[in-house]
Amino acid sequence: MSVWTDVVGQTEAVDVLAEAAHDPASMTHAWLFTGPPGSGRSVAARAFAAALQCEQGGCGQCRACHTTLAGTHADVTVVAPEGLSFGVNDTRELVRTGSRKASGGRWQIVIIEDADRLTERAANALLKAIEEPPPRGVFLLCAPSLHPDDVPITIRSRCRAVSLTTPSPAAIAEVLVRRDGIDPAMAAWASSAAQGHVGRARHLARDESARLTRKAVLDIPASLTSLAACLAAADELILSAEEEAKSRSAVLDSAETQDWQLAYGAGGQGPGLGRGGARGAAGAMKELERRQKSRATRLNRDALDRSLVDLAGCYRDVLVVRARAADAQLAHPDRRADTARLAGSLEPGAALTRLEAVLACREALELNVKPRVALEAMTSRLRLPNS
Amino acid sequence: MGAEQSVGAHLALGDDEFLRARSSADLIAAARTADPSIEVQEISASGSDPGHLADMLGLSLFAQSRLVLIDGAQEATKDFAEAVAQAVESRDHDLLLVLTHNGGARNKALIERVKRAGATIHDCAKLTRHEDRLRFIRREAERAGGSISAAATAAILDAVGNDLRELSAATGQLVFDAGGQIDVEDVARYYRGRAEITGFSVAERALVGDLPAALEALRWALDQGVAAVLIADALADGVRTAARVVSVGRGDPYDLARTLGLPPWKVKRAQQQARGWRVTALHQALQIVAKVNADVKGVAASADYALESAVRHLISAKDGGPV
């Protein structure tokens, strides 16, 4: 059992990282983890952090390993931007943290998950720190790709890149069974349905409603026979994303709000405490609400995006079937029959334009087009021919 | 107004501040006409205590009758409200009480007591319906001693907007300028353009297929600073509603309202707007509004141009032309 066990199906990257943790000559102060969503960028970054903090280079047993993986190590700061973007002030704070002397005497590590959400000014603030790094500071950034849209080239050129690959279904299934104790049959199905996304596979395996949502999304292409069906499909996508985001943010919000109220002395009695808690409570709650709102918007978009990725997978599968590429893996192997039926009514060209429509919709959502408008335009383009 | 009306209590009740001020001014003027020697006093309910009121209600040395205006009764403290209610209930024949209240929930009990005591209520609620505003303009013209044709009424409303103060001022001025009878020509001589135009009016004209009117409305809207994003949203909303109405086919608006989850008036309007739209054209229209939605959010170099081109494309799609 070492810290690398949960880094699924990334042998090459693990070799590089383990080497760096052992040998000071191959160590550097800034790393950029890239890979498709769900390939375990942040897991790899945490494992690397643990290996750096551990005396044995990542035994997985010692205190340093445990605390780092659990996110409680004093010299490891993990930032996961929950909102839509990550601002310059937060980044400056992080840079200060990274410049501190490590209390354990090894490394002062800052992990930024979703570094693609750094705003331009935030990236520039970070750039200074990476350019002239503090002696024991290490910055681990995670981003989907090395594309300048995700990571500014200035940052990129000052980091050592570690690219992760899409883990194989077998590797995902293995980790689901071992780590999460999921039934092997379910794990095998979920890992094949998740398109190489470890977190999504676990979610599908554990959550009945996620499976239902996926099924509803995959049923959409064959249902688009009329204008009314197109509008209904767009409606359904939006509603299910909203519901999912609402139920998830409700759980997060209520606990968080209670914590904050408590921290500001709500319900407290005694001198110095007014009815509304300590001074500044109202302002702080407002700030909290603003952050929660931003997070809810992001959850909603993420849910929509997942549906769109599933949908895109459908049309990709149609192309695979039409091309008779027998050894190509299907995105949705459990829906082979439906895909074959759909392939019967879609020419390769038609499937390709539909695939493009889905991707264009994802882009439109990123440009802040109203989700309903973008989705209706998309489903209208997905309508089956001759209907 | 006769002398008997200048005795008792009046309550100007409603959320329109202009109408409240107007009614109390009218009551004071009427009271003065009826009795030139009347003593008029005003008091603001906020920050006043029963003592102030007692001072004012006390008999006057110089005049037989008194008028007391109590402004903003919703702000009254409990004690003050009680004193006011008692004053109303006392039915002093030489005293005319005028209260104003914004119609909100505060001091609602006072309103009820004043009503029970037989006070005359003057409705000062905000005018929200188109017809109410037209009626208001007609009344204003009559009040200024003139009259106005129906077309001119609508023209003033279009040109001036919904603000009652401005409507009142404009109508009064027009009566003076036109020498009593206001016609459309008189309005056109002094007012040009449209004051209140929204993205929805642009969308409505575009869906109906009236290109000149749609472009005119669009330019007016942009000129008046209606945000391009709002216009784009209105276009999208119009197309979507039309698409939904068309996709369920013909039918009674009330039945459709239930299936579509829209209010019946919206269904009716959408049915009118959807006339002449074929399904293929609607598919194209959905693409056009999605594109312009991205355009106004920074994709196009000029949001104004993007909107104008979207309007043109929508109408062209409806007519089966190239998009």
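Here is a short report on the structure shown in this document. If you're wondering where the values come from, they're calculated on a predicted model, not measured in any experiment.

1. Points about the overall build of chain A
A tally of regular secondary structure across chain A gives 15 helices and five strands. Within chain A, contacts between residues separated by at least 24 positions form 73% of all contacts whose residues are at least 6 apart in sequence.

2. Re the packing of helix H9 (residues 199-208) of chain B against helix H10 (residues 211-223) of chain B
Residue and element names in this part refer to chain B. One way to put it is that H9 packs onto H10 with a least axis distance of 8 Å and a crossing angle of 165°. In terms of orientation, H9 lies roughly antiparallel with respect to H10. Relative to H10, the crossing made by H9 is left-handed. Contacts from Val-202, Arg-205 and Ala-206 in H9 reach Ala-213, Ala-214, Ala-217, Leu-218 and Ala-221 in H10. In terms of residue class, the contact of H9 with H10 is built from seven nonpolar, no polar and one charged.

3. Focus on the nonpolar core
In this structure, Leu-311, Leu-375 and Met-378 of chain A together with Leu-307, Val-311 and Leu-314 of chain B are the most contacted members of the largest nonpolar core, which totals 78 residues. For this core, the leading source of residues is helix H14 (residues 279-299) of chain B, giving 10 residues. Residues Ala-20, Phe-33, Ala-44 and Ala-50 of chain A belong to the second largest nonpolar core, which totals 32 residues.

4. Comments concerning helix H6 (residues 150-160) of chain B
Residues and elements named next belong to chain B. Along H6, the residues classified as buried are Ala-152, Thr-153, Ile-156, Leu-157, Ala-159 and Val-160. Of the surrounding secondary structure, the elements contacted by the buried residues of H6 are helix H5 (130-143), strand S6 (147-148), helix H7 (164-178), strand S7 (181-182) and helix H8 (184-190). One or two positions beyond H6, positive phi appears at Gly-161, with a value near 110°.

5. Some details on the sheet that holds strand S1 (residues 30-34) of chain A
Residue and element names in this part refer to chain A. The strand order across the open sheet built from five strands is S2-S3-S4-S1-S5, with neighbouring strands paired in parallel fashion. Either end of the sheet is taken by a strand with one partner, and the two such strands are strand S2 (76-79) and strand S5 (160-163). Looking at each pair of strands side by side, their axes are set apart by 15° on average, direction ignored. The pairing of S2 with strand S3 (residues 108-112) spans four bridges and is classified as parallel. Across the sheet, Val-78 pairs through a bridge with Ile-111, a residue of S3. Along the sheet, helix H2 (residues 41-53) makes contact with S1, S2, S3 and strand S4 (137-143), crossing S4 at roughly 165°.

6. Things to note about the sheet that holds strand S2 (residues 39-44) of chain B
All names here are of chain B. Reading across the sheet, the five strands line up as S2-S3-S4-S1-S5 and stay open at both edges, with parallel pairing between neighbours. The open sheet has two edge strands with one neighbour each: S2 and strand S5 (120-123). Taken over all neighbouring pairs, the strand axes of this sheet differ in orientation by 15° on average, direction set aside. For strand S3 (residues 66-71) and strand S4 (residues 95-101), the ladder comprises five bridges, and the chain directions are parallel. Across the sheet, residue Arg-66 finds its bridge partner in S4, namely Leu-95. Lying on the sheet, helix H1 (residues 17-34) is in contact with strand S1 (8-13), S2, S3, S4 and S5; it crosses S4 at an angle near 170°. Its contacts with the sheet put helix H4 (residues 108-116) on S1, S4 and S5, and the angle it makes with S1 is roughly 140°.

Cut-offs and rules
- Residues numbered from 1 in each chain as written.
- Chains lettered and ligands numbered in written order.
- Predicted model: local features only at pLDDT ≥ 70, side-chain atom pairs only at ≥ 80, totals over all residues.
- Heavy atoms only, no water.
- Helix = DSSP H or I, 4+ residues; strand = E, 2+ residues; numbered from the N terminus.
- Contact = heavy atoms within 4.5 Å.
- Axes fitted to C-alpha atoms, helices over the stretch in contact; angles between N-to-C directions.
- Parallel < 35°, antiparallel > 145°, perpendicular 65-115°, else oblique.
- Left-handed = near helix turned anticlockwise from the far one by under 90°.
- Nonpolar A, V, L, I, M, F, W, Y, C, P; charged D, E, K, R; others polar.
- Core = buried A, V, L, I, M, F, W, Y, C linked by side-chain atoms within 4.5 Å.
- Buried < 20%, exposed > 50% of the residue type's maximum accessible area, 1.4 Å probe, protein only.
- Pairing = 2+ DSSP bridges.

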